[in-house]
Amino acid sequence: MQQRELTVVLVTLFVIIYFGIANSAFYTTANIITIAQYIASFAVIGFGEVLILVLGEIDLSAGAVYLSSPWFMYFFWTSGMPIGWAIVASMACCAGIGMINGLITVWLNVSSLIVTLAVNYALFGIVLIESNDIQVDMPGQTGHFSIIFGVGAWSTILWAAGMMLVIWALLKRTRFGLHITATGGNPLAAAESGIRVRRVKVWCFIIISSASGLIGMLDAIRIGSVNPGSSGLDTVLPGIVAAVVGGTALTGGRGTIVGAALGAIFLGVLEDGFNLIGVNANWFYLAEGVMILVAMVANIQLRTVARKFRR
Amino acid sequence: MTEAESPLVEASPTRDATLAASDVVLETVGLTKRFGAVVALRGIDMHLRRGEVLGLVGDNGAGKSTLVKILCGFHPPDTGKIYVEGKEVSFRSVADARGLGIETVYQDLALVPQLTVAQNLFLNRELTMFGGVGWLSAGKMRKLAKSYLEDIKVEIPDIDAEAESLSGGQRQAIAVARATRQNAKILLLDEPLAAMGARESALIVDLVKDLSRNRGVSMIVIDHNYTHLFELCDRLNVIQQGHIAYDQQVKDTSVEELTNLMVSAYRRELAAGQQLLEQ
């Protein structure tokens, strides 16, 4: 484990110890399951964002994809598709959204920040229009199927762990991952060597959208219903925070999947802990904001100190 | 000027006598190029032999970079012919030129700072295993990278070091090594010794000499710095106003002679300009 990842571990341990002392219910299995469920979505969106950030891009639409994929699935299911196929069809829609993000970014030269923000709002709008702003119940609540796809207590976190392995291997062990780093680290050199940098980018947008859409459906099946009332930014930003607090650079070229997982654990513990110790709702966001700043500053400062010691 | 007065001039073995015409790897005949009203090249006849290091000298705007951009496939010439190993060729792209073994090495553009030495050496030519999934054979690439760098006598302390942590000279050496490892036979080097200390320069000079003498790699070097050119090159071509005005072995010329040549050309142009103004 590298030093920048170690910092997050230390800050997270500190927070865990604090919440444990503040409220004895923190260590119960039920609560740990709750934390794991928070972590899963932060982590999966975070893994996708690591790939995108390494490219030097950003994806603000992943939260909207997370929220709208259960709706796609619901619409397919109500139109008569079996649930398994509805999930596959919804995943294909999510992949398509990622492809649109990527293609507009690389071919029309629009900043990915703006493209994905626009797509974020457009998706929110589509869900509102199609749902008539009415909450619906999710299908797939019973049987073995449901245990695997979200309803099982550890289902979402296991899916997240599986995606972590796959995306980590993709980034660090395959040719494609090396090309992601090359594209983000020195786009000219990458293109000069014959890497198809645009294609690499489009694929990464497809990957983050597919992953976010899948975990979105699992969470919706777990909760049992979806309501169309939020725009997705509150969902995607924790993913980006998880990636960056974990040590991924916003400037491109550098990213760590393990760091994003640790960042997601940090955020999950924070979210759950504040709820558990009953922080006044008005104070919640202030406390969360301050803790994120503390983690980030500690990360950078400790890195500087470590560098001095090494010399 | 004698050798003693210019210690940087290292005599290179005479090639003219020993090399046959078939050893010309690159030849151009009557290359011209204009950009709108500006005539950049007025008919370049030049040649490059196997294992030769040719320096291009010339003021800004003389046509050096246009010539190099034509040779690396970036610009097509308006007229004239290019021969690679005796065969007439026409490049439509940088990739075409690269396919024929002609590669440009840029110091800062070439490497990805966040990738290791080995990863940079194999960039987009990675070795993989398990069929189509693209799983990297990292160990094999490290081993090959190490032995290749040893072969060409480039000393890099750590093959797993990120390019970012290397010195400018080491990065330049890696960029050159990558091009030659990927079978480049003709390298175009743009100011390869720019912004380097003595030790760094020595690393690149040794590499250039080793590749040209022992591996038959031919190189064209553009540099404004005569000292650098005399250190690196076997032969010099001076480009003035879009054609080759002077062609001489390094051992038969001197920094002084070149300077005089450039200054007198400058004075001629100045005088011509004044005459024009007076008319």
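See the structure shown above.
Report on the accompanying structure. (Residues numbered from 1 in each chain as written. Chains lettered and ligands numbered in written order. Predicted model: local features only at pLDDT ≥ 70, side-chain atom pairs only at ≥ 80, totals over all residues.)

1. Here's the deal with helix H6 (residues 143-151) of chain A
Residue and element names in this part refer to chain A. Listed as buried for H6 are Phe149, Gly150 and Val151. The arc that holds every buried residue of H6, seen down its axis, measures 115 degrees, which confines them to one face. The elements touched by buried residues of H6 are helix H7 (155-173) and helix H10 (197-223). (Buried ≥ 20, exposed ≤ 12 C-beta atoms within 10 Å, placed from the backbone. Helix = DSSP H or I, 4+ residues; strand = E, 2+ residues; numbered from the N terminus. Arc of directions from axis to C-beta. Contact = placed C-beta atoms within 7 Å.)

2. Side note on the environment of phenylalanine 75 of chain A
Mapped onto the elements of the fold, phenylalanine 75 of chain A is located in helix H3 (residues 62-78). Residues phenylalanine 75 of chain A and alanine 86 of chain A, eleven residues apart in the sequence, show an inter-C-alpha distance of 8.2 Å.

3. Quick look at the sheet that holds strand S10 (residues 218-222) of chain B
Strands pair in a sheet through their backbones, by hydrogen bonds, and they do so in one of two ways: parallel or antiparallel. Residue and element names in this part refer to chain B. Pairing within the open sheet is mixed, and its six strands lie in the order S6-S9-S10-S3-S11-S12. Pairing within the sheet leaves two strands with one partner each, and these edge strands are strand S6 (102-105) and strand S12 (243-249). Each strand axis lies, on average, 20 degrees off the axis of its neighbour in the sheet, ignoring direction. Note that strand S3 (residues 53-57) and S10 share four bridges and pair parallel. When the sheet's bridge partners are listed, leucine 56 is paired in S10 with isoleucine 222. (Pairing = 2+ DSSP bridges. Axes fitted to C-alpha atoms, helices over the stretch in contact; angles between N-to-C directions.)

4. Let's talk about the interface of chain B and chain A
Interface size is commonly expressed as the accessible area that is lost once the parts come together. Taken together, the contacts link 16 residues of chain B with 18 residues of chain A. For the side of chain B that touches chain A, the residue count by class is ten nonpolar, five polar and one charged. (Nonpolar A, V, L, I, M, F, W, Y, C, P; charged D, E, K, R; others polar.)

5. Regarding the nonpolar core
In terms of nonpolar packing, the biggest core is built from 166 residues, with Ile39, Ala43, Leu51 and Phe266 of chain A together with Leu187 and Val221 of chain B touching the most fellow members. With sequence-adjacent residues up to four places away left out, alanine 43 of chain A is seen in contact with Ala160, Met164, Ala242, Ala260, Ala261 and Ala264 of chain A. (Core = buried A, V, L, I, M, F, W, Y, C linked by C-beta atoms within 7 Å.)

6. As for helix H4 (residues 83-107) of chain A
Three or four residues apart is the spacing at which side chains of an α-helix point the same way, because the helix has 3.6 residues per turn. Residue and element names in this part refer to chain A. Its 25 residues give H4 an end-to-end C-alpha distance of 36 Å, which sits within 8% of 36 Å, the value for a rise of 1.5 Å per residue. Taken residue by residue, H4 has Ala86, Ile87, Ser90, Cys93, Cys94, Ile97, Gly98, Asn101, Gly102 and Thr105 as its buried positions. Against H3, helix H5 (112-131) and H10 lie the buried residues of H4. A positive phi of about 55 degrees marks asparagine 109, the residue just after H4. (Expected span 1.5 Å × (residues − 1).)

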